[in-house]
Every structure is written in structure tokens, then in C-alpha cells.
Amino acid sequence: MIHITRKEHFNAAHRMYREEWSAEKNFEVFGKCANPNWHGHNYNLFVTVKGEVTHATGYLIDLKELKIIINEYVIEKLDHKNINKDVDFMAGKMASTELLCIEIFNQLKGPIEAYEGVFLHSVKLYETENNSAEYFGG
């Protein structure tokens, strides 16, 4: 079995807050991330697929096809958007890196696994150079 990873990038804004909490409670829990004027990140996304190499082509999946899937189902929906307000698959969810990572996985699983013998292994999302989340499904 081989694992192949594709890296993509997007910029997006978000705010960590709970509407039912006071501004003070939000600031206490989320700090500067609760800024009412939002804040943004330059996200790096790593999508890893796995399976067996097809001997006819010499690869698991055409990386151009993987790029198209990631862009259609994730990047176009997130790039230069407000995660809290503009992203359909994040509606009603906290815009944390952890939940965003899980939801990106959920967006990609079906389209990627429509290719015979190709399985989505993981999604890793870097919010900053030092902070990331990785999800393996489940």
C-alpha cells in the first residue's frame, strides 16, 4: 500500500465565539480569537490518499484529478471566505481548526473514494506554522 499526499493552500477568516455567552466569557475562553472583527489565517492543507499502485499507469491516482477534487469540494468554498458565515459545510459549527479538519475530510471522502481502490487516509490542516490538526476519519 502506498500513501500519496497533495498540499493545497487557502486563506480564510473566522471567529471563535458562542452567541449564548457574554463577550467577557468568550474572551475568557477564546482570547483574541473571539475578536468581534474576526481574524484570518493562511491555512496549509495536506490530503493523503492510500491504495495500491495501478501497474498500467504506475500511480495510485492522477494527481491532477486529486487537485481538481480538493479545489472543487474544499478550496473554492473556503479561500478568501469567512468560515463562520460563508462556508456551507461549517454552518452551525464552531470554526475551530479541529472541526474544520473533520469537515474537510467529510467533504473529500466520497469524491476521492469514487475512484476504484483509492481511499482517503487523512486530512492535516495547518492553521499556523506551529498549530495543526489531523483527522483519519472515524
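Residues numbered from 1 in each chain as written. Predicted model: local features only at pLDDT ≥ 70, side-chain atom pairs only at ≥ 80, totals over all residues. Heavy atoms only, no water.

The chain is annotated in an unreviewed UniProt entry as 6-carboxy-5,6,7,8-tetrahydropterin synthase from Mucilaginibacter rubeus. Recorded in UniProt under Cofactor (unreviewed entry), the annotation for the chain is "Zn(2+)". UniProt, in the comment section headed Sequence similarities (unreviewed entry), describes the chain in these words: "Belongs to the PTPS family. QueD subfamily." (UniProt positions renumbered as here; feature names shortened; annotations may be inferred.)

Caption draft 1: Molecular detail of unusual backbone geometry. The residue W38 is not glycine, and still its phi comes out positive at about 70°. Within the secondary structure, W38 sits in the loop between α1 (23-30) and β2 (39-51). Here the phi dihedral of H80 falls at roughly 60°; this positive angle occurs in a residue that is not glycine. Along the polypeptide, H80 turns up in the loop between α2 (63-78) and β3 (81-82). (Helix = DSSP H or I, 4+ residues; strand = E, 2+ residues; numbered from the N terminus.)

Caption draft 2: Here's a closer look at the nonpolar core. Core analysis: the largest hydrophobic core is formed by 31 residues, its most contacted members being F10, L45, L78, L100, I104, L108 and I112. Once residues within four sequence positions are removed from consideration, L100 is found in contact with F10, Y43, L78, I83, F89, M90 and L125. (Core = buried A, V, L, I, M, F, W, Y, C linked by side-chain atoms within 4.5 Å. Buried < 20%, exposed > 50% of the residue type's maximum accessible area, 1.4 Å probe, protein only. Contact = heavy atoms within 4.5 Å.)

Caption draft 3: Structural detail: the state of the cysteines. The final tally for this structure, using the stated rule, is zero disulfides. Its sulfur unpaired, C33 is 17 Å from the next cysteine sulfur, which belongs to C101. When its relative accessible area of 31% is taken as the criterion, C33 is described as partly exposed. (Disulfide = S-S within 2.5 Å.)

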